[in-house]
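Listed below are the residues making up each chain.
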Amino acid sequence: MAQGTFDQQLNRMPQPPSVPPRLVGLAAIVFFVLITFSTAFYQVEPEEVGVVVRLGEFIDTSEPGLHFKIPFGVDQVYKVQVERQLNQEFGFRTKRADVRSEFTEVPEEASMLTGDLNAAVVEWVVQYRIIDPYNYLFRVRNVEETFRDVAEAVMREVVGDRTVNEVITVGRQDVAATALASMQVLCDQYEMGVVIEQVVLQDVTPPDRVKPAFNEVNQAQQERERLINEAQSEYNKVVPRARGEAEQTVLAAEGYALDRVNRAKGEASRFRSIFDAYQTAPEVTRKRLYLETLDEVVPAAGEVVIVDESVRSFLPLLNLNSGGRGPVAPRTDGGSQ
């Protein structure tokens, strides 16, 4: 009785509409076509190169744009960014790149031993670009890990060949250049298909435990350099000046000697000419010398008073040399001018 009631109720329920077999087939065809088209075309971006592999074998590379491939996984495409500069960070990791970037230190990568057996914390960045997609994908297994191992090994070797002062101060540029050249040589040997464009020493410091002592040493060295520069500056001021004054004194002495010699020669020549004239006419020459001497001596004497014992009084005379405004000189002959 209960079974019959259940069957009656089941028959009374609405039955789902039946789907025509043709519609099911059409849906299957549409789905197949969509799957085919979605797996048969691929897009390569402008900064990428597509590497086409057919059943695990390399076939060709494709340039940026829309391309066709055999669908259903027969052809696979690996897109490699060949125009973008890639970075690898060593000794730290960037958590957030912003106005105030956040970093996480990786001490096991940054801690190194220098050539003078001192410790240094070296953080650096390697910037590189992929130039051969085939080598990058198929020549080296785990190329990113291998590249990091190569970069770290080279940097430790370069730092280990230098003193801690060179690495931290004056030799940073040389360390970066040497590391770049050595990394490129190893990458070419391993056929990684990459070119290293730059190695940047981000931060090179001594370990935290020795930073105070190292800072004191740096301050002492800077003070020494400052004193040396000041002494050199003072030397450059004093020594050239002393040399100039010495040369000036020598030149003045040479000029004075030349002047004295020339004057002596002139006086000797003048004396010989006077002596010759004296021998020719002694009386005339003697008188001329007397008058020339008086002409030089009398004007320099100023006022002259000539006193004669026979004169009892002086008569003032007008000084014509001063235009009547000068002092009066008396005459002893009792006459007037």
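Residues numbered from 1 in each chain as written. Predicted model: local features only at pLDDT ≥ 70, side-chain atom pairs only at ≥ 80, totals over all residues. Heavy atoms only, no water.

> Break down the nonpolar core for me, with residues and values.
If you look at the biggest cluster of nonpolar residues, it comprises 38 residues, and the most contacted ones within it are V122, W124, V126, M155 and M183. Elements that contribute at least two residues to this core include exactly β2 (48–54), β6 (86–90), β10 (119–130), α5 (143–160), α6 (164–168), α7 (172–190) and β11 (194–205). Per-element accounting of this core gives the leading share, eight residues, to α5. (Core = buried A, V, L, I, M, F, W, Y, C linked by side-chain atoms within 4.5 Å. Buried < 20%, exposed > 50% of the residue type's maximum accessible area, 1.4 Å probe, protein only. Helix = DSSP H or I, 4+ residues; strand = E, 2+ residues; numbered from the N terminus.)

> Can you explain the environment of A179? Please cite residues and give values.
Examined against the element boundaries, A179 turns out to sit in helix α7. Exposure remark for A179: the relative accessible area of 0% places this residue in the buried category. Sequence separation of A179 and E157 is 22 residues, and the distance between their C-alpha atoms is 8.6 Å. When residues no more than four places from it in sequence are discounted, the contact partners of A179 are V154, M155 and V158. (Contact = heavy atoms within 4.5 Å.)

> Outline the sheet that holds strand β5 (residues 75–81), listing residues and values.
Hydrogen bonds between backbone atoms are what pair the strands of a sheet, whose relative direction is either parallel or antiparallel. Spatially, the three strands line up as an open sheet ordered β3-β2-β5, and their pairing is antiparallel. Strand pairing shows two members of the sheet lacking a second neighbour, β3 (57–62) and β5, which therefore form its edges. Each strand axis lies, on average, 25° off the axis of its neighbour in the sheet, ignoring direction. Of the strand pairs in this sheet, β2 and β3 are connected by five bridges, and their pairing is antiparallel. Note on β3: the bridge partner recorded for V52 is D60. (Pairing = 2+ DSSP bridges. Axes fitted to C-alpha atoms, helices over the stretch in contact; angles between N-to-C directions.)

> How would you explain a nonpolar patch on the surface if you had to name every residue and give the values?
On the surface, F37, F41, L66 and F68 cluster together into a nonpolar patch covering about 460 Å² of accessible area. As for its position among the elements, F68 is in strand β4 (residues 65–68). Of the residues examined, F68 reaches a relative accessible area of 54% and is grouped as exposed. (Patch = residues over 30% accessible without salt bridge, like charges linked within 9 Å, V, L, I, M, F, W, Y side chains within 5 Å. Areas by Shrake-Rupley, 256 points an atom, 1.4 Å probe, with all protein chains shown as cover. Salt bridge = Lys/Arg side-chain N within 4 Å of Asp/Glu carboxyl O.)

> Tell me about the packing of aromatic side chains, and name the residues and values.
Taken as a whole, this structure holds seven aromatic pairs when the rule is applied. Between F58 and Y134 the ring centres are 4.8 Å apart and the planes differ by 55°, which places this aromatic pair in the tilted class. Remark: Y134 occurs in helix α4 (residues 133–138) and F58 occurs in strand β3; sequence separation between them is 76 residues. Accessibility expressed as a relative area gives 32% for F58, which makes it partly exposed. Accessibility expressed as a relative area gives 31% for Y134, which makes it partly exposed. Geometrically, the ring pair formed by F92 and F103 is edge-to-face, given 5.7 Å between the ring centres and 70° between the ring planes. Highlighted residues: F92 in strand β7 (residues 92–96) and F103 in strand β8 (residues 102–105), separated in sequence by eleven residues. Here F92 falls in the buried class, since its relative accessible area comes to 5%. Over the ring of F90 we find R148; its NZ or CZ atom is 4.3 Å from the centre of that ring. (Phe/Tyr/Trp six-rings, centres within 6.5 Å; stacked < 30°, edge-to-face > 60°. Lys NZ or Arg CZ within 6 Å of the ring centre and 35° of its normal.)

> Run through the environment of A176, naming residues and quoting values.
By secondary structure assignment, the location of A176 is in helix α7. Classification of A176 as buried rests on a relative accessible area of 9%. With 51 residues separating them along the chain, A176 and V125 place their C-alpha atoms 9.9 Å apart. Residues within four places of A176 in sequence aside, it is in contact with V199 and L201.

> For the environment of V77, give the residues involved together with the corresponding values.
Summarising the element assignment, V77 is placed in strand β5. The partly exposed category is assigned to V77, whose relative accessible area is 21%. Linking V77 and T61, residues 16 residues apart in sequence, is a C-alpha distance of 8.9 Å. Setting aside residues no more than four positions away along its own chain, V77 makes contact with Y42, G50, V51, V52 and K69.

> Can you explain the pattern of salt bridges? Please cite residues and give values.
What the rule picks out here adds up to 13 salt bridges. Ionic pairing is found between E152 and R156, a salt bridge with its closest N-O pair at 3.2 Å. In this pair, E152 and R156 both sit in helix α5, four residues apart, roughly one turn of the helix. A residue is classified by how much of its surface remains accessible, and R156, at 30% relative accessible area, is partly exposed. Here R226 makes a salt bridge to E223, at a shortest N to O gap of 2.2 Å. Highlighted residues: R226 and E223, both in helix α8 (residues 211–280), separated by three residues, approximately one helical turn.

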